[in-house]
Amino acid sequence: MKRAVSLQSPESAAPAGRLYDSRFKTGIDLISQVLRDPARQAISKPLLFRQPAEQYDTAGVPVTEAKIRESASASYWEKKIKDAGFSINGIEPRVFPEREINAALATIFYSLPTSRITQETTTLLTIPLEPQVGKAPHGKKAPKAEKEVLNCEVVFQPTVTPNQKGVITLRLVMGVATGLSQSSSTFTEPGRKEYIPRQGHHVTLHGFPGDASKYWDEHHEEQVRIFHWVENEAPAKFDQLLTIKLHDRTTAYHLTGTKSNGIATMDVSYFAAPDPEHVPKLPKGYDSHDFSDKEIEDLQSTPDPDPSLADKLGKISGIDKLAPEERASIKVVIWQYFKSNPDAVDPKDPSKKKPKKGTRNKEVDAIVPILNPPSGMATKANTNRSVLVTLRFKPNNDVDVEWIGELNKEGNLERTDNQLNKTVSFTRGSLARVNGFADHLQGATESEKVNSLLAWLKTRYPNVTLSPVTSTTTVKSVCDEVNKQIIEHSGEPVWFGNYGIAVSENGAEAEKQLRTIPNACLQNLKSFEASELQIVELVLEKMSDETLSRLKGIHLTRQQVHFQWKGAIDAKDSEKKACKRPFEEQPNLAGITRSGKTGNLTITIFDAANVNLETLFVGGRGAGGTGKLDVEPAPAQIFAHELGHVVFASLEKEEKDKFAALVKGKKMPITWYAESDPQKELFPEAFALYYSDPQWLHAKWGALYDFFDKLDKKMPPGKPAKTKPRPAPGKR
Ligand SMILES: [Zn+2]
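Residues numbered from 1 in each chain as written. Predicted model: local features only at pLDDT ≥ 70, side-chain atom pairs only at ≥ 80, totals over all residues.

Trainee: Please set out the environment of Thr159 residue by residue, giving values where relevant.
Mentor: One can find Thr159 in the loop between strand 5 (148-157) and strand 6 (166-172). Between the alpha carbons of Thr159 and Arg116 there is a distance of 8.5 Å; along the sequence they are 43 residues apart. Sequence-distant contacts of Thr159, that is, excluding residues within four places in its chain, are made with Gln164, Gly166 and Val167. (Helix = DSSP H or I, 4+ residues; strand = E, 2+ residues; numbered from the N terminus. Contact = placed C-beta atoms within 7 Å.)

Here it is, written out as C-alpha cells:
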C-alpha cells in the first residue's frame, strides 16, 4: 500500500488547462497539481519525528468494542500473574465478589514462586480482608466490623509451555473458617466421654504428609473432631475450612462434600496450619484496578517499543470525572493510541510491515465504545453506548481526558443544542447554529426580527419554501420550518442548489462531469449516501455567506475508489478512452479536487473518506469544557478540506500573499497531512479546522485562526464592513 507521503510525487494525470472560469483568478495553481487527499487513516500515516507542537489528530486508531472486550477478558491481577509467567487454569467458584477474587489474586501475585514449578503443590491462603463497615442504625454506634477472612486453595502445577513457570488453579472456600464450635471444643477438656463417629462415611484424603491413612489413624482426635463437625453442624452440602488447635499445633482441613441421612461423602484436604507470620499483606488499593490498568502501568514503567521514541506514558487526568463504567474502555483507547507497534503488518497485505507510531503531542477527538455491563445489570440505557472524549496527549506524555458527550444511538434527527443534554446526534438540523443567523435577527420586535430573518433566508436558503407570514409567525416558527426541511431534504443532491453547488445524482451524471478523465479511471462512480450529504450540509452551515459565495459553481461527485491514470499526460482522448495505458487503484485516497467538464472545480469523494466515521469526531465543548457542544462526524473534515482547496483557488492575490507571509519559514504541522505537504495542504487543513474545531485552532495556532476568521467575515466588494465581531470560539 502506498504511503501518504508518496502522494507528493508530481501529478501526471492532471487534466491540464481546462480551468477557464474567470472567477477563479488563481485557478492556474490547481491546474498544475490536482489535489488528491488520502484518508485520515493510521495505516497511511507517515512516520515523522516527534511533533514540535501540538497536532490535531485526523488519522485515528480504530479501537473496536471487540478490542476492548479482549482487554476486559482478564482482570488486572490475572494479567499481572500471567506476566510473571503463570497461566491461570481456573478460578472456582466465580460467585465470589470481585473484591474477594481480587484479594486472592493479589495475594497470590505477591507470593508467586520465583522458579519453575516442578511438582504439584497445594497451599492454603488465609487472607484478612479489610472490614466493610456496615451502616449504623439511627442514633446508634456503628457495630464494630469483624475482620473478614478469605480462605482459598491454590494449586501450582508444572507446565510444558517453555516460557511459563507454571499453571495455577484457585479454589475459593465457601465456608468461613470458624475454628472449633463450642461443642467440639469440649474435647480439650479432660475426662469427657469420647465422641464416637457413625459408621459408613465415604472419605477421600488429599495432601496429607506421608501416608495419608497412617496420618489419619495416628491423629485420632483430629479425625474425631472432623466427624463431629460433619455430623452435627455441616449442611447437606458443604465447603468448609476447619482449623483444629490441639496443644501446641494447629492444623487446617478443607472439607467439601454432601451429607445424606447423616452419612457424608466428602473430600478432606490437609494443610499445615497457616503461619500468621507469613500471611502476605494485601497491597493498598488492591481492589481499585480495572482491566485496562495493567497495560497503562506497563506503558508508564517500560519505554515505548519504537526506538525513536523509547519514552513512557505520563499521568492520566480527568478519568475520575467519568462514569465508572466508562473509565476502563477509555483507558484502552489511550494505550492503543500511545503505544507504538514497530512490527505491525499491513492489514491489506500481511506480507508487508506497516509500523505504527504511537500518538504524541496531539489532540484526539475519539469515539469510544463502552462495554456493556454484565447481563444481569444491563438495561436499555446502559448497553451499546459510545461516548465522545477529547484526549490531549501533552508534550510531557501526560494525557488529559475531557468528556464531551454520548453518541445518540437512536439516530435521532433532532439536534440538541442544549449543552446539558448529553446526547449528541450528528444528523441534525438547526438554523440557529448557521453562520450568520444571529447577525440577521435585527429589530426590536418579533415581527421585525422575523422580517430580517426572512430577508436573509432568501439568499442563504433560496430554495427553502416557507409558509406566508401571518400574525402568529415567530422567529421560532420560522426556525422550526427551516429545520424540518434541513432534516428532511439535506440528504438529497438537489438540496445543494441552495448553495449553487451541483451534486451528481448518480454515476452517469458524475461521469458526464468528469469526462476529461480517462474512461478507465471512472469506474464505480455512484451517488452519495443521504448521510454523507447531511454531513456536507453541516459543514456548509458553519461557513459565512461570504465563504459560501466562493463555492458557487462547483460540483460534487462520488466514486468508490480513486483510479490513478498512469498514462501520458498528453494522451489523446481516443487513447484515454481505449485505456491502453495502465492505471492504479488508490484505496487510501479520500478526496480529490480537480477541474471538471465546464472548467469548474469538481470534488470527488471516495469511500476512504468514511474510514474514521466510527473512530473520530471533530469539534468539542469549547474552552474549559464550558462552551456549547458543537461536534461533527469525522468525514466533515474531509469535505471541509476539499472545499478549502476551492476557497484557496478563489483567493485574490493579496489574500494569497497574506497567507504565504503568515506561514513563510514557519513549521505549522497542525495535522500530519498538513505537515506532509505544507505547500499544498496546510491551507485546506487549517481551513477545515477553523470550521470543525475552532476552539483547538484558536488555542494552538492563533495566527491561523485569525487569518481564517478574517477571511470568513470578509465582505464582498461594495458592501459595508461588518462591525459586529464574531463571538469568541466556544460561544458561537
Ligand atoms: Zn488536499
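Trainee: Can you tell me about the environment of Thr516, naming the residues and giving the values?
Mentor: Relative to the helices and strands, Thr516 resides in the loop between helix 12 (507-513) and strand 19 (525-526). Of the residues examined, Thr516 has 17 C-beta atoms within 10 Å and is grouped as partly exposed. When the C-alpha atoms of Thr516 and Ser595 are compared, they prove to be 8.7 Å apart, with 79 residues separating the residues in sequence. (Buried ≥ 20, exposed ≤ 12 C-beta atoms within 10 Å, placed from the backbone.)

Trainee: Can you explain the sheet that holds strand 10 (residues 263-272)? Please cite residues and give values.
Mentor: On the basis of which strands lie adjacent, the open sheet formed by 4 strands has the order 7-10-9-8 and mixed pairing. Where the open sheet ends on each side, the last strands, each with one partner, are strand 7 (202-206) and strand 8 (237-246). Strand after strand, the sheet turns through a mean of 20° between neighbouring axes, direction not considered. Bridge analysis of strand 8 against strand 9 (residues 249-260) gives 10 bridges, and the strand direction is antiparallel. In the strand pairing of strand 9, Leu246 is matched with Arg249. In the packing of helix 7 (residues 220-232) onto the sheet, the strands contacted are strand 8, strand 9 and strand 10, and the crossing angle to strand 8 comes to about 145°. (Pairing = 2+ DSSP bridges. Axes fitted to C-alpha atoms, helices over the stretch in contact; angles between N-to-C directions.)

Trainee: I'd like to hear about the nonpolar core, residue by residue, with values.
Mentor: One finds Ala104, Ile334, Val389, Leu391, Val539 and Ala686 to be the most contacted residues of the largest nonpolar core, which totals 131 residues. Here this core takes 9 residues from helix 16 (residues 635-650), the largest share from any one element. Excluding residues within four positions of it along the chain, Val539 makes contact with Ala636, Phe639, Ala640, Leu643 and Tyr691. (Core = buried A, V, L, I, M, F, W, Y, C linked by C-beta atoms within 7 Å.)

Trainee: Any details on the confidence of the model for the protein chain? Residues and values, ideally.
Mentor: Taken as a whole, the protein chain shows an average pLDDT of 80; of its residues, 78% reach a score of 70 or greater. Overall, residues 411-423 carries pLDDT values under 50, and its contacts beyond four positions in sequence, including any with other chains, amount to 24 contacts. Here residues 716-732 is modelled with pLDDT under 50, and outside its nearest four sequence neighbours on either side it reaches 21 contacts, counting other chains as well. (pLDDT = per-residue confidence, 0-100.)

Trainee: For the packing of helix 19 (residues 678-692) against helix 21 (residues 702-713), give the residues involved together with the corresponding values.
Mentor: One can describe the packing of helix 19 onto helix 21 by two numbers: an axis separation of 10 Å at closest approach and a directional angle of 80°. Judged by the angle between their axes, helix 19 and helix 21 are roughly perpendicular. Across from Ala686, Phe687 and Tyr690 in helix 19, the residues of helix 21 making contact are Leu704, Tyr705 and Phe708. Tallied by class, residues from the contact of helix 19 with helix 21 come to 6 nonpolar, no polar and no charged. (Parallel < 35°, antiparallel > 145°, perpendicular 65-115°, else oblique. Nonpolar A, V, L, I, M, F, W, Y, C, P; charged D, E, K, R; others polar.)

Trainee: Kindly report on the pairing of strand 23 (residues 589-595), identifying the contributing residues and their values.
Mentor: For strand 23, the buried fraction is high: 7 of the 7 residues fall into the buried class. Here 5 bridges tie strand 23 to strand 24 (residues 601-606), and the two strands are oriented antiparallel to one another. Residue Arg594 lies in a different strand from strand 24, and its bridge partner there is Thr602.

Trainee: Just give me the short version of unusual backbone geometry, but keep the residues and values in it.
Mentor: Of note in this structure, Ala310 is not a glycine but carries a positive phi near 45°. Note on placement: Ala310 falls in the loop between helix 8 (293-301) and strand 11 (316-317). The backbone of Asn361 sits at a positive phi, close to 50°, despite the residue not being glycine. Considering the arrangement of structural elements, one finds Asn361 in the loop between strand 13 (349-353) and strand 14 (362-370). Residue classification places Asn361 among the partly exposed positions, given that 17 C-beta atoms sit within 10 Å.

Trainee: Explain the packing of helix 3 (residues 76-83) against helix 4 (residues 98-110) residue by residue, including any values.
Mentor: For the pair helix 3 and helix 4, the least separation of the axes is 9 Å and the interaxial angle reads 20°. Between helix 3 and helix 4, the angle is such that the two are roughly parallel. Crossing handedness for the pair helix 3 and helix 4: left-handed. In contact with Trp77, Glu78, Lys80 and Ile81 of helix 3, helix 4 contributes Asn102, Leu105, Ala106, Ile108 and Phe109. (Left-handed = near helix turned anticlockwise from the far one by under 90°.)

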